[in-house]
Amino acid sequence: MNLHGTIVAAFGRHYEVEADDGATWQALPKGKRSIYACGDRVVLEPAASGQARIADHLPRRSLLYRSDAFRQKLIAANADQLVLVVATEPAFSDELLSRALIAAEHDHLSAVIVLNKCDLTDRIAAARALLAPFDGYPLIELSAKQDAAPLLPLLQGKLSVLVGQSGMGKSTLINALVPDAAAATREISIALDSGKHTTTYARRYRLDAASTLIDSPGLQEFGLSHLTLGDIEDAFVEFRPYMGRCRFSDCRHEAEPNCAIKQAVADGRIHPRRYEHFMEMTRRQR
Ligand code: GDP
Ligand code: ZN
């Protein structure tokens, strides 16, 4: 008999699935490819010895992923919100932040930026300056080492996915928010008989009956090969008031005369960094 369940951990082709009756299954996909993400609702075919096969996924509300020229890298399915973790140190990439926000907007996820390590007070001003281009998004300043509570109200009632470059303190934040997170990490490395996967997999944690978190592996790049120039344009929220106002309807906002986007940059209504990010992200699409 087939069961329905939710993928609560994903590491390569291995998945941990929580069936709707509460039982946990270790599962592999039926095909060769791992087309499932943490958070996916799936159809399970139980096999011997507590193992199961994943036959299919149920319809997804959202699917957050990045991609390079060769393949898609799934981050999380069915999330409502992206939580981007940056820190006062080490330095973070504001372009990576822009890219992740574009993927979230394209997938209709809301987004929150967390500035971690605010106990390093002499670094806060520089980090805030780097975050100025993103002032349309909620920003929570905290120190995961001291108190993660300022983030809790924003997680309420949502499935949030945490994304960040390594070193920003994402694991510290998860451990502060979810007291048994470290134990879950240990269990999975025992189940896999290996410690080396523990930092490169996604896992879902329950905060309360209505709120869940997906922790995703730290990343250093966020490819958007799956998006067209038009998709990227649409996902820059602050571009929206100017869309359709350029002289040429197929304007690429590069060297064309009477470009409403470039005019908004010149007038200080679009941040120049975000315009630079747009140009960089659409370089391949031009
Ligand atoms: P991850 O790679 O994003 O999971 O980062 P970790 O959680 O492993 O943290 C990276 C480093 O930053 C570790 O040395 C942490 O102790 C440190 N760290 C994390 N949160 C804070 C914080 O709020 N304040 C300070 N000062 N250091 C932190
Ligand atoms: Zn234009």
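Residues numbered from 1 in each chain as written. Chains lettered and ligands numbered in written order. Predicted model: local features only at pLDDT ≥ 70, side-chain atom pairs only at ≥ 80, totals over all residues. Heavy atoms only, no water.

Can you walk me through the coordination of the zinc ion (ligand 2) in this structure?
Think of it this way: four donors in a tetrahedron around the metal ideally sit 109.5 degrees apart, and six in an octahedron ideally sit 90 or 180 degrees apart. Here the zinc ion (ligand 2) is held by the protein donor atoms Cys246 (SG), Cys251 (SG), His253 (ND1) and Cys259 (SG), which lie 2.1 to 2.4 Å from it. Seen from the zinc ion (ligand 2), its four donor atoms lie at angles of 103 to 114°, and the figure they make is tetrahedral. Going along the chain, you hit the donors of the zinc ion (ligand 2) in the pattern C-x4-C-x1-H-x5-C. On the criterion of sequence distance, the pair formed by Cys246 in the loop between helix H6 (229-235) and helix H7 (260-266) and Cys259 in the loop between H6 and H7 is long-range, its members being 13 residues apart. Residue Cys246 is classed as buried on the basis of its relative accessible area of 12%. (Donors = N, O, S within 2.8 Å, 3.2 Å for Na, K, Ca; no water. Tetrahedral: all angles 85-135°; square planar, octahedral: opposite > 155°, others 65-115°. Helix = DSSP H or I, 4+ residues; strand = E, 2+ residues; numbered from the N terminus. Buried < 20%, exposed > 50% of the residue type's maximum accessible area, 1.4 Å probe, protein only.)

So what exactly am I meant to see when it comes to the packing of helix H1 (residues 94-106) against helix H8 (residues 272-281) here?
At their nearest, the axes of H1 and H8 sit 10 Å apart, and the two run at 70° to each other. Classed by the angle they form, the pair H1 and H8 counts as roughly perpendicular. Contact with H1, carried on its side by Asp94, Glu95, Ser98, Arg99, Leu101 and Ile102, involves Arg273, Arg274, His277, Glu280 and Met281 of H8 and no other residues of that element. In terms of residue class, the contact of H1 with H8 is built from three nonpolar, two polar and six charged. (Axes fitted to C-alpha atoms, helices over the stretch in contact; angles between N-to-C directions. Parallel < 35°, antiparallel > 145°, perpendicular 65-115°, else oblique. Contact = heavy atoms within 4.5 Å. Nonpolar A, V, L, I, M, F, W, Y, C, P; charged D, E, K, R; others polar.)

Honestly, the pairing of strand E12 (residues 202-208) in this entry has me stumped. Any pointers?
On a regular strand, each side chain points to the face opposite its neighbour's, so the side chains alternate between the two faces of the sheet. Looking at chain direction, strand E1 (residues 3-11) and E12 are connected through two bridges and run antiparallel. What sits directly across from Ala10, in E12, is Ala202. (Pairing = 2+ DSSP bridges.)

Please explain H1 as it appears in this structure.
Since the α-helix turns once every 3.6 residues, residues separated by three or four places project in the same direction. Compared with the 18 Å implied by 1.5 Å per residue over 13 residues, the 18 Å span of H1 between its first and last C-alpha is a close match. Most of H1 sits inside the fold, with 11 of its 13 residues counted as buried. Residues of H1 that are buried: Asp94, Leu96, Leu97, Ser98, Arg99, Ala100, Leu101, Ile102, Ala103, Ala104 and Glu105. Among the structural elements, strand E6 (63-67), strand E8 (81-87), strand E9 (110-116), helix H2 (124-131), H6 and H8 are those in contact with the buried residues of H1. Near the N-terminus of H1, the side chain that reaches the backbone nitrogen of Glu95, with its oxygen 3.3 Å away, is that of Ser93. Of the residues trailing H1, His108 is marked for its positive phi of about 60°. (Expected span 1.5 Å × (residues − 1). Polar contact = N/O pair within 3.5 Å; in protein donor to acceptor, adjacent residues only side chain to side chain.)

Would you explain the site of ligand 1 in this entry?
Close contacts around ligand 1 come from 15 residues, with Asp119, Gly167, Lys170, Ser171 and Thr172 the closest. The backbone of Gly167 places a nitrogen or oxygen atom 2.7 Å from an oxygen atom of ligand 1. Here Thr172 contributes a side-chain N or O atom positioned 2.5 Å from an oxygen atom of ligand 1. In isolation ligand 1 offers 580 Å² of accessible surface; the protein chains occlude 71% of this area. (Near = heavy atom within 4 Å. Areas by Shrake-Rupley, 256 points an atom, 1.4 Å probe, with all protein chains shown as cover.)

Can you walk me through the environment of Ala100 in this structure?
Checked against the element boundaries, Ala100 lands in helix H1. Placed 68 residues apart in sequence, Ala100 and Met168 show a C-alpha to C-alpha distance of 15 Å. With residues up to four places along the chain from it excluded, the contact list for Ala100 reads Leu82, Leu84 and Phe222.

Would you mind going over the layout of surface pockets with me for this structure?
As a volume, the largest pocket reaches approximately 680 Å³. Surrounding the largest pocket, 25 residues form its lining, Ser34, Arg71, Gln72, Lys73 and Leu74 being those nearest its centre. Elements with a contribution of two residues or more to the lining of the largest pocket: E1, E6 and strand E7 (72-77). Among the elements that make up the lining of the largest pocket, the one with the highest residue count is E7 (four residues). Looking at side-chain class alone, the lining of the largest pocket contains 14 nonpolar, six polar and five charged residues. Taken domain by domain, the makeup of the lining of the largest pocket includes at least three residues from each of domain 1 (3-57) and domain 2 (63-215). (1 Å grid on protein atoms, 1.4 Å probe; cavity = no way out; pocket = protein on both sides within 12 Å on 5 of 7 lines; lining within 4 Å. Points joined across faces, edges and corners; volume = space filled by probe spheres on them. Domains from an automatic or database assignment.)

Sorry if this is basic, but what is going on with empty space enclosed by the protein here?
One water molecule sets the probe size; rolling that probe over the atoms shows where empty space is left. In total, this model carries one cavity of 30 Å³ or more according to the counting rule given. Each pocket or cavity is described by its volume, and for the largest cavity that value is around 50 Å³. Of all the secondary-structure elements, those providing two or more residues to the lining of the largest cavity are E8 and H1. Broken down by element, the residue count for the lining of the largest cavity peaks at three residues, all from E8. Partitioned by chemical class, the residues of the lining of the largest cavity number six nonpolar, three polar and no charged.

Quick question: what am I supposed to make of the pattern of salt bridges here?
Note on pairing: side chains with opposite charge can pair once their charged atoms come close. Counted by the stated rule, this structure contains 18 salt bridges. Salt-bridge contacts for Arg273 lead to Glu276; the nearest nitrogen and oxygen are separated by 2.6 Å. Note that Arg273 and Glu276 are positioned in helix H8 at a spacing of three residues, about one turn of the helix. Residue Arg273 is classed as partly exposed on the basis of its relative accessible area, which comes to 31%. A relative accessible area of 41% means that Glu276 is categorised as partly exposed. (Salt bridge = Lys/Arg side-chain N within 4 Å of Asp/Glu carboxyl O.)

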